[in-house]
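These are the residues of each chain, in order.
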Amino acid sequence: MRISLVPDGVYESYQQITPELLQSRGIRLLLSDLDYTLAPKSVSRPDQAVRDWLGRLHAAGIRVMILSNNRSPRRVEQFCRDLGITYVGHAKKPQTSGFRRAMDQAGTDPAHTAMLGDKLLTDMLGANLSGVTALMVEPAGGARTPWQKVLHALQAPWKHLAGGVHRI
């Protein structure tokens, strides 16, 4: 367990998380946040780009599950049903219990698991506490509200420590 906010990598978009990148790290399970990671919170259904990305991961033998703190399961359930993937809701990130439940469901361990998310204090800290690879993306749709803009700015030093944002 490492108590750290520093991600193992920072990327512009989930689309940069390729099967080759995950396989090079021995990843068989990719846990992903939903809101602002795969789609802006205002988007209720997955678009074709998300479907294509998941198809490439699935074809490479990488399982994807959503790990969400969303207290209302409606959006997460619909999004996952549309994609044909499972989820762990009300995960209470950064606590490790949601990460453990997901890994138990998938039958894997931290060494073969990565977490993809857009927030340091929930996704990256939780990944590091759980011993899984921590992959961060810029928020899908960008930071819109004043709070999101402040939070985004506060995350910059830790992104820099991770080597900055990998650009396409």
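Residues numbered from 1 in each chain as written. Predicted model: local features only at pLDDT ≥ 70, side-chain atom pairs only at ≥ 80, totals over all residues. Heavy atoms only, no water.

Enquirer: Run through the side chain of Glu-138, naming residues and quoting values.
Expert: Checked against the element boundaries, Glu-138 lands in the loop between strand E6 (133-137) and helix H6 (146-161). Note on Glu-138: relative accessible area 16%, which makes it buried. For Glu-138, the side chain forms a polar contact with the side chain of Lys-159, separated by 3.0 Å. (Helix = DSSP H or I, 4+ residues; strand = E, 2+ residues; numbered from the N terminus. Buried < 20%, exposed > 50% of the residue type's maximum accessible area, 1.4 Å probe, protein only. Polar contact = N/O pair within 3.5 Å; in protein donor to acceptor, adjacent residues only side chain to side chain.)

Enquirer: Can you explain the environment of Ile-27? Please cite residues and give values.
Expert: Residue placement: Ile-27 occurs in the loop between helix H1 (19-24) and strand E2 (29-32). Classification of Ile-27 by relative accessible area gives buried; the value is 3%. On a C-alpha basis, the gap between Ile-27 and Pro-110 in space is 9.1 Å, while along the polypeptide they are 83 residues apart. Among all residues touching Ile-27, those that are not within four sequence positions of it are Leu-22, Ile-62, Ala-111, His-112, Thr-113, Ala-114 and Thr-133. (Contact = heavy atoms within 4.5 Å.)

Enquirer: Describe in detail the layout of surface pockets, supporting the description with residues and values.
Expert: Of the voids in this model, the largest pocket is the one considered here, and its volume is about 390 Å³. Contributing to the lining of the largest pocket are 21 residues, with Asp-33, Asp-35, Tyr-36, Asp-118 and Lys-119 lying nearest its centre. When residues of the lining of the largest pocket are assigned to their parent elements, the largest contribution, 5 residues, is made by H6. Classifying every residue of the lining of the largest pocket by side-chain character gives 5 nonpolar, 8 polar and 8 charged. Roughly 190 Å³ of internal volume is contained in the second largest pocket. Lining of the second largest pocket is provided by Arg-51, Leu-54, Gly-55, His-58, Gly-61, Ile-62, Arg-63, Val-64, Leu-83, Gly-84, Ile-85 and Thr-86. The set of elements that each furnish at least two residues to the lining of the second largest pocket consists of helix H2 (48-59) and strand E3 (63-67). (1 Å grid on protein atoms, 1.4 Å probe; cavity = no way out; pocket = protein on both sides within 12 Å on 5 of 7 lines; lining within 4 Å. Points joined across faces, edges and corners; volume = space filled by probe spheres on them. Nonpolar A, V, L, I, M, F, W, Y, C, P; charged D, E, K, R; others polar.)

Enquirer: Go over the pattern of salt bridges with me, naming the residues and quoting the values.
Expert: Under the counting rule described, the total for this entry stands at 6 salt bridges. The closest approach of N and O atoms between Asp-123 and Lys-93, which form a salt bridge, is 2.7 Å. Of the two residues, Asp-123 is situated in helix H5 (residues 120-130) and Lys-93 in the loop between strand E4 (87-88) and helix H4 (97-106); the sequence distance between them amounts to 30 residues. Residue classification places Asp-123 among the buried positions, given a relative accessible area of 0%. Owing to a relative accessible area of 6%, Lys-93 belongs among the buried residues under this scheme. Here Lys-159 makes a salt bridge to Glu-138, at a shortest N to O gap of 3.0 Å. Residue Lys-159 is found in helix H6, and its partner Glu-138 is found in the loop between E6 and H6; the two are separated by 21 residues along the sequence. Each member of the pair Lys-159 and Glu-138 is classed as buried. When salt bridges that share partners are traced, they join Asp-33, Lys-93 and Asp-123 into one network. (Salt bridge = Lys/Arg side-chain N within 4 Å of Asp/Glu carboxyl O.)

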